[in-house]
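Here is how the chains run, residue by residue.
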Amino acid sequence: METLLVLLSLLGVSSTQQLFVGDQVLRVTARSEEQMALLGMLGEQEELQVDFWRHPHSPGHPVDLRVPFPNLQRVKKFLDSQNFSYSIMIEDVQIYDWMDVLVEDHPNLVSKIQIGQSYENRPLYVLKIATEYGRDASVTAILDSMDIFLEIVTNPDGFAFTHSSNRLWRKTRSINAGSRCVGVDPNRNWDAGFGGAGSSSNPCSETYRGPHAHSEREVRAVADFIRAHGNVKSVISIHSYSQMLLFPYGYRREPTPDHQEMNELAKKAVSDLAAVFGTKYTYGSIANTIYMAGGTTIDWAYDNGVKYSFTLELRDSGRYGFLLPSSQIVPTATETWPALLDIMVHVLEHPY
């Protein structure tokens, strides 16, 4: 079956509520009364903020505790030093727990597949989606012929870091040998014009491309998934911000052989998007619409046979930038859906 893959590069939402990003739930087993007492002491250390979901009551019974991301290593070091047996029940409370709930509540519509691990060993998941099946004629027709996979968080380490330390973090969290600076821009790390204009060789740059193409686990996992599937027909990479719908190329200015078709499709998609709330998007190739950029996701996808490869840069055009108010999340999703549907229907009606 043919496939459409949607990649979402997410920054966290600014909020006053506690988001639990990067927090883990550990299941700990105390084998003795002494270890029971040690768990009690652990809970009393207010600076660790350990939250007991299942409290200790007798040796041999499991204890579940949520540990905030900044304190994980201290708590795990304590458990190891005291010879506790423990396992990770929930890898990331905020990022992944809701996915499990979604799959559990809608087993016939949503399934979860792990495609790799991040640098900090967080799992990388895609959701196979079949929502709206039987209710929307266009979606039903698409899903009768195609699978849709959605990678909600392409950079979970960076996503967690936006909540624990740096709200506007962009890169991965891999260590760069010989540099104090951490991380690689995953949208400059792909093997398509790698090292070209719009990327940096400086590890401290926000657009650092990495030591070599696909050096980042997060990038390799997606590339391996696409190649292993072998029949991916569209890749849509969703970012913020600028209100643009872009297509290849980014690493050179020459148009692709499919430029005219892609341009007409983009024109229709942004028109239907604007019809919802009046939000205006520009469209065109990356290089000729914004700037030259080597090593991008959609250039690699296109060069590897995925004809319908697009990037959506969502709201806004600069008033809030990366700090878009949470009140605009639902309107942004609502207006973006017709554009996504235009692309999916076009892919269905133009097999190759």
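Structure first, text after, so check above.
Predicted model, so just to flag it, every value in this text is computed and none were measured.

Calculation criteria
Residues numbered from 1 in each chain as written. Predicted model: local features only at pLDDT ≥ 70, side-chain atom pairs only at ≥ 80, totals over all residues. Heavy atoms only, no water. Helix = DSSP H or I, 4+ residues; strand = E, 2+ residues; numbered from the N terminus. Buried < 20%, exposed > 50% of the residue type's maximum accessible area, 1.4 Å probe, protein only. Contact = heavy atoms within 4.5 Å. Areas by Shrake-Rupley, 256 points an atom, 1.4 Å probe, with all protein chains shown as cover. Lys, Arg positive; Asp, Glu negative; His and termini not counted. Charge placed at Lys NZ, Arg CZ, Asp CG, Glu CD. Core = buried A, V, L, I, M, F, W, Y, C linked by side-chain atoms within 4.5 Å. Disulfide = S-S within 2.5 Å. Phe/Tyr/Trp six-rings, centres within 6.5 Å; stacked < 30°, edge-to-face > 60°. Lys NZ or Arg CZ within 6 Å of the ring centre and 35° of its normal. Salt bridge = Lys/Arg side-chain N within 4 Å of Asp/Glu carboxyl O. Expected span 1.5 Å × (residues − 1). Arc of directions from axis to C-beta. Pairing = 2+ DSSP bridges. Axes fitted to C-alpha atoms, helices over the stretch in contact; angles between N-to-C directions.

Asks: Would you take a moment to explain the overall build of the chain for this structure?
Replies: When you go through the chain residue by residue, the secondary structure sums to 10 helices and 12 strands. In the chain, which comprises 352 residues, the proportion classed as buried is 50%. Counted over contacts in the chain with a minimum sequence separation of 6, partners at least 24 positions apart contribute 71%. Carbon and sulfur atoms form 50% of the exposed surface of the chain, whose accessible area is close to 16,300 Å². Of the charged side chains in the chain, 30 are positive and 41 negative; the average position of the first set lies 5 Å away from that of the second.

Asks: How should I be thinking about the nonpolar core in this particular structure?
Replies: Looking at soluble globular proteins, one finds that nonpolar side chains tend to be buried together. Core analysis: the biggest nonpolar cluster contains 27 residues, and Leu 245, Phe 310 and Leu 312 have the highest contact counts within it. Within the residue set of this core, elements represented by two or more residues are helix H4 (137-145), strand S8 (146-151), strand S9 (232-240), strand S10 (244-247), helix H7 (259-277), strand S12 (308-314) and helix H10 (329-349). Residue contacts for Leu 245: discarding those within four places in its chain leaves Ala 266, Ala 269, Val 270, Tyr 281, Thr 282, Tyr 283, Gly 284, Phe 310, Thr 311 and Leu 312. Grouped together as the second largest cluster of nonpolar side chains are 18 residues, Leu 38, Val 50, Leu 65 and Leu 72 included.

Asks: I'm lost on the state of the cysteines in this one. Help?
Replies: By definition, a disulfide links two cysteine residues through a covalent bond between their sulfur atoms. Using the criterion set out here, one finds one disulfide in the structure. The disulfide bridge from Cys 181 ends at Cys 204, spanning 2.0 Å between sulfur atoms. On the S-S bond that ties Cys 181 to Cys 204, the torsion sits near 85°, and the link is right-handed. Of this pair, Cys 181 sits in the loop between helix H5 (156-164) and helix H6 (217-229) while Cys 204 sits in the loop between H5 and H6, and the two are 23 residues apart along the sequence. Judged by relative accessible area, which is 35%, Cys 204 ranks as partly exposed.

Asks: Just to check I follow, could you spell out the packing of aromatic side chains for this structure?
Replies: Counted by the stated rule, this structure contains nine aromatic pairs. Taken together, a centroid distance of 6.2 Å and an interplanar angle of 80° make the contact between Phe 247 and Phe 310 edge-to-face. Here the residue Phe 247 occupies a position in strand S10, and Phe 310 occupies one in strand S12, the gap between them amounting to 63 residues. The exposure class of Phe 247 is buried, given its relative accessible area of 0%. One aromatic cluster is present, formed by Tyr 249, Tyr 251 and Tyr 302 through successive ring pairs. The ring of Tyr 352 is capped by Lys 233, whose NZ or CZ atom sits 4.3 Å from the centre of that ring. Across from the ring centre of Tyr 320, 4.5 Å away, lies the NZ or CZ of Arg 319, which sits over that ring.

Asks: So what exactly am I meant to see when it comes to the pattern of salt bridges here?
Replies: It is possible for side chains bearing opposite charge to pair when their charged atoms get close. All chains considered together, the criterion is met by 15 salt bridges. Between Glu 261 and Lys 307 there is a salt bridge, with its nearest N and O atoms 2.8 Å apart. Here Lys 307 lies in the loop between helix H9 (297-303) and S12 and Glu 261 lies in helix H7, a separation of 46 residues in the sequence. By relative accessible area, Glu 261 is classed as partly exposed at 24%. Because the salt bridges share partners, they merge into one network encompassing Asp 23, Asp 51 and Arg 66.

Asks: Sorry, what's going on with H7 here?
Replies: For an α-helix, the turn length of 3.6 residues means that residues three or four places apart are oriented alike. Under the 1.5 Å per step criterion, the end-to-end length of H7 is 28 Å for 19 residues, consistent within 8% with the ideal 27 Å. Of all the residues in H7, the buried ones are Met 262, Asn 263, Leu 265, Ala 266, Ala 269, Val 270, Leu 273 and Ala 274. Along H7, the residues classed as buried sweep out an arc of 170° about the axis, all on the same side. What points out from H7, more than 90 degrees from its buried face, is the exposed set Gln 260 and Ala 275.

Asks: Please clarify how the pairing of strand S4 (residues 62-67) should be interpreted in this entry.
Replies: Remember that side chains alternate between the two faces of the sheet whenever the strand is regular. Counting buried positions along S4 gives five out of six residues, so the element sits mostly inside the fold. Pairing of strand S2 (residues 24-29) with S4, which is carried by six bridges, proceeds in the antiparallel orientation. By the bridge assignment, Arg 27 is partnered in S4 with Asp 64. Pairing of strand S3 (residues 51-54) with S4 involves three bridges; the strand directions are antiparallel. Of the residues in S4, the one forming a bridge with Arg 54 is Asp 64.

Asks: I tried to follow the sheet that holds S3 on my own but got confused; where do I start?
Replies: The strands making up a sheet associate through hydrogen bonds between their backbones, and the pairing can be parallel or antiparallel. What the four strands build is an open sheet, ordered S3-S4-S2-S5; its pairing is antiparallel. Across the chains shown, the open sheet's two edge strands, defined by having one partner strand only, are S3 and strand S5 (85-90). Pairwise comparison of adjacent strand axes, ignoring direction, gives a mean angle of 30° for this sheet. Helix H2 (residues 72-81) contacts S2, S4 and S5 of the sheet and is inclined by roughly 10° relative to S2.

Asks: Please clarify how unusual backbone geometry should be interpreted in this entry.
Replies: Leaving glycine aside, a negative phi is the common case for residues, and trans is the common case for peptide bonds. That bond from Ser 240 to Tyr 241 is cis: its omega, 0°, falls within 30 degrees of zero. One can find Tyr 241 in the loop between S9 and S10. At the junction of Arg 315 and Asp 316, the peptide bond is cis and its omega measures out at -10° in the coordinates. Positive phi outside glycine occurs at Asn 121, with the angle close to 65°. The residue Asn 121 is located in the loop between strand S6 (110-117) and strand S7 (123-129) in this model. With phi around 150°, Ser 242 is a residue other than glycine that occupies positive phi space. Looking at the secondary structure, you find Ser 242 in the loop between S9 and S10.

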